[in-house]
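# What the coordinates show
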Amino acid sequence: MNRYRSYMNRIHAPSGLRYRVLEAAERGQRPRRPARRWIGAGALAACFALAFFGGWQAWRYAAHYQPDPTAGVADPPAVITPAPAETEHTLVVEDPFDGQPHGFFDVPALEFADVTDCSPYLIDWDWKGDASVLPLTPQEIITVLGGTDEVPWSLLWSGFGLDGTAWYSGESLDGGQSLMVSITGENGDTSFTLELSPGQLPPGGESYPDAAVQDYDGVAVTAWYTRPDGDGGPNYTYCVELLSGDMGVRFTCDSPDQETVSWLSCVLVRYAAQADGGFTTEHLTPGEIPAAGEELTLADVRDNDLNSWLPPADALPAGFTFEGGRAEQNWGEQSLLSAIWNRGEDSIAVTVCRSAGDGDYPEADLALEDVTASALQGLGRQYAGDDALWQWSSLAVDWGDGVLVEYSLRGLTLEEALGLILGTPGRASTSVVEFPATEKDPWTVPNPMPDPSPWQVLPLQ
Amino acid sequence: MTDPDRLEEVITAYETTLYRAALAVLGDAHEAEDAVQDAFLRYWEKAPDFPDAAHERAWLLAVTVNGCKSRLRSPWRRRTAPLLDTYPAADREERELLEAVQALPPRDRAVIHLYYYEGYQTAEIAAMTGQREGTVRSRLSRARDKLRRLLKGEPE
C-alpha cells in the first residue's frame, strides 16, 4: 500500500476550508444534526439489515469499549441509525422464577477452539433472487424460540432485551418464505446474535478452519472463541454452529465475562439440539411486504398525494430541471415522496415523509412557522465561496399533521431557499420551466450501500 | 462551545488528515469537504476534553468517517467531482491502485485507509467505526483479497 500512501500524502485540504469553518462558528451556526434516514424495503433491504444490526453493534461496542480508564474520550461519534443500550427492545425476557435459583445439570461441556490468532475463511454471499426483510413482533420472537406465551426459560435469557428480524424470499405476498431469522439480545455488558436458517447453516461472513467440531447428542457442533487480544477490546466472543434437524443455528455471544459467555453458548447448544422442539420458523409468513420504491416521472410526482408538500413549479429558481422522483412505503407506517432538480452543480432535493404512527422519524430542524431567512441562514453554509449562494445538506421542516419535509439544497440564495420552502411564487423567478428527465436514466439511488457479494464460497489462505 | 482560537488550532492540525479520510471513503472532493466541515463544527459545539492529541485525532477521524457513512446512505448523494479527475496527478500504478480501492465498498475503504494510511490497529478501528473487531479484520482480509484480484498481485 505504499503507492496509496504516497498518493494520499500529496493530497491537502482545500484552501479556504478553515476559513469557512471559522466563519460558520463565528456566525454561531450549530453543526448539522444528522437526520436519520428512511430506508425502504426491497432493493435497500440489505442496507436496512446492515444499518439495523450495525446500529445495535455500534452502540453496544461504543458504550462498552474502554481502551484506557484515563482516556476521557468524549461522547462516541454520532452514528445515524443505532440506538443506545437503554433504548426499548421489542421484548425483554422476564424471569419466571422471580429470582429463585434454578438450573439444570445436563448442559454440555463443549470444547471451544481459541481462534484469536487464526485467520478465518471469508465467505461472500447473497440471497438468490429477491429478498425482503421485516422486523419480528414479540410473539413471533417467542414462537421462533419455541415458546408459546414467553421465551423458553431454559435458554436462561432472563433480563435480556430481544429484537428480531426475518428475511423472506421474493418481494410479493405470494410464496414468500422465511430465509433466515436473526434475534439479538442485550443485557448489560453481554450480548448475542442468534441466527436461524431452515435447512442449512445461516450464511456467514467468516469461518474458522481451526474451530473445534464435536458431537453432542448426535449433533455435530462447531465451536470457537476469541479472547480480548490486548489491543483494548474487552470482550470474549464465543460462537457455536450446528444443524439440528432441519434448522441451521449459529449463536455468537460477547461479554467481558468469559464464564457467562461460555455458559450461554453451551446452554444454547443443549436447547437447540433437543429432538422435540427448539427453534422453528415455520410459522413465519411475510404478510405484507412493503413494495420497493417506485421511480417516478415528473407527471407521476405531481400526481402523488404527497406532492402538496413539494415545491410548486413556480417556486423553483430559474434553470432547474427535474432529474427524477421516487415513492416508497416503509413498513406500512411511512409514505415517502422524493424529487430532485438540478442546475449544473446546483441541486434541490426534497423528500416528503408522512408518518401514520410513531415511525422512525428524524427530528425537525424547524417548524414551518419558524422558517425565516435568518433561521435558514443559521442552518446553512455559504457555497463555493460566493457570499450570495448557500447550501443546506439536510434541513428538516415539520409541516405538522405527521408530515416532515427534508430539503437538501445547494447553490441557492437565501431568498430562493425561503421561497422554495414556503412555496411563495412571488419570491422566485418567474422564468421557470420544469423539464422532465431527458435521455438520462430515471433517477436511481446513487452509490447505495453495497449489497453483500453474490453467494459463493471463497476460501482464503 | 470550543474557544475560537482553539478551534483554529484544531483545524490547522487536522484538516488535511480528515480530508484525506473523507476522500478515501466518499471519493468525491465536494462531499469530502462537507464532511470535514461537519466534523469540525461538531467539535466546536461539543468542545470535548481529550487527555492528549492522539485521542483528539482519533475522535475527529471517527466523527468524520461516521459522517461519511451517513452521507453515503443519503439518496441524494451525487458524485460531482470524481476524486481521480480533480486531484494531484497519479502515475499509472497509483491510478490503478486508487481505482481498485474506490471499487471497494465504502466501509472497506474506510478500514483500508484507517489501517494502512493512518496506522490504527483493528481494535481502534472497531471502536472508531462502531464495528466488531472481528468484522474489521474480516473487512481487511476481504479488501486485500479483492485488491489482489483487481490488481492481479499484491498491492504495493
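Residues numbered from 1 in each chain as written. Chains lettered and ligands numbered in written order. Predicted model: local features only at pLDDT ≥ 70, side-chain atom pairs only at ≥ 80, totals over all residues. Heavy atoms only, no water.

So, about the overall build of chain A. Across its full length, chain A holds eight helices and 21 strands. Sorting the 461 residues of chain A into buried and exposed places 52% on the buried side. Sequence-distant contacts in chain A: of pairs separated by 6 or more residues, those separated by 24 or more amount to 68%. Accessible area for chain A stands at about 20500 Å²; split by element, carbon and sulfur atoms hold 49% of it. (Helix = DSSP H or I, 4+ residues; strand = E, 2+ residues; numbered from the N terminus. Buried < 20%, exposed > 50% of the residue type's maximum accessible area, 1.4 Å probe, protein only. Contact = heavy atoms within 4.5 Å. Areas by Shrake-Rupley, 256 points an atom, 1.4 Å probe, with all protein chains shown as cover.)

The next thing to look at is the packing of helix α6 (residues 106-117) of chain B against helix α8 (residues 133-151) of chain B. Residue and element names in this part refer to chain B. Here α6 crosses α8 at 95 degrees, and the two axes come no closer than 9 Å. Classed by the angle they form, the pair α6 and α8 counts as roughly perpendicular. Residue-level inspection shows R107, D108, V111, I112, Y115 and Y116 of α6 in contact with α8, the latter providing V136, R139, L140, R142, A143, R144 and L147. A class-by-class count of the residues in the contact of α6 with α8 yields eight nonpolar, no polar and five charged. (Axes fitted to C-alpha atoms, helices over the stretch in contact; angles between N-to-C directions. Parallel < 35°, antiparallel > 145°, perpendicular 65-115°, else oblique. Nonpolar A, V, L, I, M, F, W, Y, C, P; charged D, E, K, R; others polar.)

Residues and elements named next belong to chain A. Under the criterion given, the structure shown has 14 aromatic pairs over all chains. Between W390 and W392, the ring centres sit 6.2 Å apart and the planes meet at 20 degrees, which makes this aromatic pair stacked. Under the relative-accessibility criterion, W390 is labelled buried at 4%. On the basis of relative accessibility, which here comes to 1%, the residue W392 falls in the buried class. Cluster of aromatic residues (ring-pair linked, three or more members): W157, F160, F192 and F251. (Phe/Tyr/Trp six-rings, centres within 6.5 Å; stacked < 30°, edge-to-face > 60°.)

On to the confidence of the model for chain B. Residue and element names in this part refer to chain B. Of all residues in chain B, 85% have pLDDT values of 70 or greater, and the mean over the chain is 79. Across chain B, the secondary-structure element scoring lowest on mean pLDDT is helix α4 (residues 83-86), at 53, and the one scoring highest is helix α1 (residues 4-26), at 90. As a predicted assembly, this complex carries a pTM of 0.42 together with an ipTM value of 0.87. (pLDDT = per-residue confidence, 0-100.)

Since there are 3.6 residues in each turn of an α-helix, residues three or four apart along the chain are aligned in direction. All names here are of chain B. In this model α8 runs 27 Å from its N-terminal to its C-terminal C-alpha over 19 residues, within 8% of the 27 Å that 1.5 Å per residue would give. Within the sequence span of α8, burial applies to E133, G134, V136, S138, R139, L140, A143, D145, K146 and L147. Of the residues flanking the end of α8, it is K152, one or two places downstream, whose phi is positive at about 55 degrees. (Expected span 1.5 Å × (residues − 1).)

Another aspect to go through is the side chain of N307 of chain A. Along the chain, N307 of chain A turns up in the loop between α6 (298-303) and β14 (321-330). Residues within four places of N307 of chain A in sequence aside, it is in contact with V301, R302 and L337 of chain A.

As a further point, take the nonpolar core. Y4 of chain A together with L7, L18, Y19, F40, L60 and I112 of chain B are the most contacted members of the largest nonpolar core, which has 60 residues in total. Per element, the largest residue contribution to this core is twelve residues, and it comes from α1 of chain B. Sequence-distant contacts of F40 of chain B, that is, excluding residues within four places in its chain, are made with L17 and V21 of chain A together with L7, V10, I11, Y14, E15, L18 and L60 of chain B. (Core = buried A, V, L, I, M, F, W, Y, C linked by side-chain atoms within 4.5 Å.)

This brings us to the packing of helix α2 (residues 17-26) of chain A against α1 of chain B. It is at 10 Å that the axes of α2 of chain A and α1 of chain B come closest, and there the two elements cross at 155 degrees. In terms of axis orientation, α2 of chain A runs roughly antiparallel to α1 of chain B. Of the two possible hands of crossing, α2 of chain A and α1 of chain B adopt the one that is right-handed. Between α2 of chain A and α1 of chain B, the residues in contact are L17, R18, V21, L22 and A25 of chain A and P4, L7, E8, I11, T12 and E15 of chain B, respectively. (Left-handed = near helix turned anticlockwise from the far one by under 90°.)

Okay, the confidence of the model for chain A next. All names here are of chain A. For chain A, per-residue confidence averages 71 on the pLDDT scale, and residues scoring 70 or more make up 63% of the total. Per-element confidence in chain A ranges from a low mean pLDDT of 34 for helix α3 (residues 45-64) to a high of 92 for helix α8 (residues 414-422). Counting contacts from residues 30-86, a segment whose pLDDT is below 50, to residues more than four positions away or on other chains yields 146 contacts. Ignoring residues within four places in sequence, the model shows residues 425-461, a span with pLDDT below 50, making 82 contacts including any to other chains.

Evaluated as defined, the whole model comprises 17 salt bridges over all chains. E195 of chain A serves as the salt-bridge partner of R250 of chain A, at 3.1 Å between the closest nitrogen and oxygen. Linking R250 of chain A in strand β12 (residues 247-255) with E195 of chain A in strand β7 (residues 190-198), this pair joins segments that are 55 residues apart in sequence. For the salt bridge of E9 of chain B with R6 of chain B, the shortest nitrogen-to-oxygen distance reads 2.9 Å. Of this pair, E9 of chain B and R6 of chain B are both found in helix α1, three residues apart, which corresponds to roughly one turn of the helix. Assessed through its relative accessible area of 46%, E9 of chain B is described here as partly exposed. Members of the salt-bridge network, linked through shared partners, are R381 and R410 of chain A together with D34 and D38 of chain B. (Salt bridge = Lys/Arg side-chain N within 4 Å of Asp/Glu carboxyl O.)

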